[in-house]
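Structural characterization, general
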Amino acid sequence: MYAKDENEKLRFIRLNQTKLRAVDYGVQLDAVRNDNNVTSENLGKLVVLPSSFTGGPRYMHEYAQNGMTYVRHRGTPDLFITFTCNPSWPDMTVELLPGQVAADRVDLVDRVFQQKVKKMMHVIKDVQVFGKVACFMYSIEWQKQGVPHMHLLVWLQTK
């Protein structure tokens, strides 16, 4: 289903380049025109992925720029926390059918992980176990083993 969904998003982007204002990306067009290795045989249809396409180069660049804004205004983060999903959590194993493993139920893994992330963020922000939080940002990635993990940066009010 993920591949079908991704394919539909890419198809929409390819068919709606004018509506997405891709013609405004003149820098990329100039780069393609000025590249000596580009010929009519190896140049396909130019499709510009917008920054709203998760995982695309513009998305990653925008995400990195947002992170640098935090650093510019707040300095380096006080905490760097990596939170990894454990497929042996009882919250998950109790819901699995006999013979199933967590990798068979990515929907369950995702839901349990999101609940744990929500609880951890509540403890960090609201309970303030490390002190008052000025700001934070995080990224969630899926590992090859089929489990998610989170990288969290936290800036505290008092260093």
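Above: the structure in question.
The notes below deal with the structure included here. (Residues numbered from 1 in each chain as written. Predicted model: local features only at pLDDT ≥ 70, side-chain atom pairs only at ≥ 80, totals over all residues. Heavy atoms only, no water.)

The next point concerns the overall build of the protein. When helices and strands are tallied, the protein shows 5 helices and 3 strands. Counting the 159 residues in the protein, one finds 24% classified as buried. The contacts in the protein between residues at least 6 apart in sequence include a share of 58% that link residues at least 24 apart. Accessible surface for the protein amounts to roughly 11,400 Å². Of this, 55% is attributable to carbon and sulfur atoms. (Helix = DSSP H or I, 4+ residues; strand = E, 2+ residues; numbered from the N terminus. Buried < 20%, exposed > 50% of the residue type's maximum accessible area, 1.4 Å probe, protein only. Contact = heavy atoms within 4.5 Å. Areas by Shrake-Rupley, 256 points an atom, 1.4 Å probe, with all protein chains shown as cover.)

Turning to a nonpolar patch on the surface, a few remarks are in order. A cluster of nonpolar side chains, Val127, Val129 and Phe130, forms an exposed patch at the surface whose accessible area comes to about 270 Å². As for its placement among the helices and strands, Val129 is situated in the loop between helix H5 (106-127) and strand S2 (133-142). The class of Val129 is partly exposed, set by a relative accessible area of 47%. (Patch = residues over 30% accessible without salt bridge, like charges linked within 9 Å, V, L, I, M, F, W, Y side chains within 5 Å. Salt bridge = Lys/Arg side-chain N within 4 Å of Asp/Glu carboxyl O.)

We now examine the sheet that holds S2. What holds strands together in a sheet is hydrogen bonding between their backbones, with the strands either parallel or antiparallel. Strand order across the open sheet formed by 3 strands is S1-S3-S2, with antiparallel pairing between neighbours. This sheet does not close on itself; its edge strands, each paired only once, are strand S1 (79-84) and S2. With direction set aside, neighbouring strand axes in the sheet form an average angle of 15°. Relative to strand S3 (residues 148-156), S1 is paired through 6 bridges, and the arrangement is antiparallel. Across the sheet, the residue bridging to Phe83 is Met150, located in S3. Against the sheet, helix H3 (residues 57-74) engages S2 and S3, with an angle of about 155° to S2. (Pairing = 2+ DSSP bridges. Axes fitted to C-alpha atoms, helices over the stretch in contact; angles between N-to-C directions.)

Interpretation note: all reported values are geometric properties and have no functional meaning in isolation.
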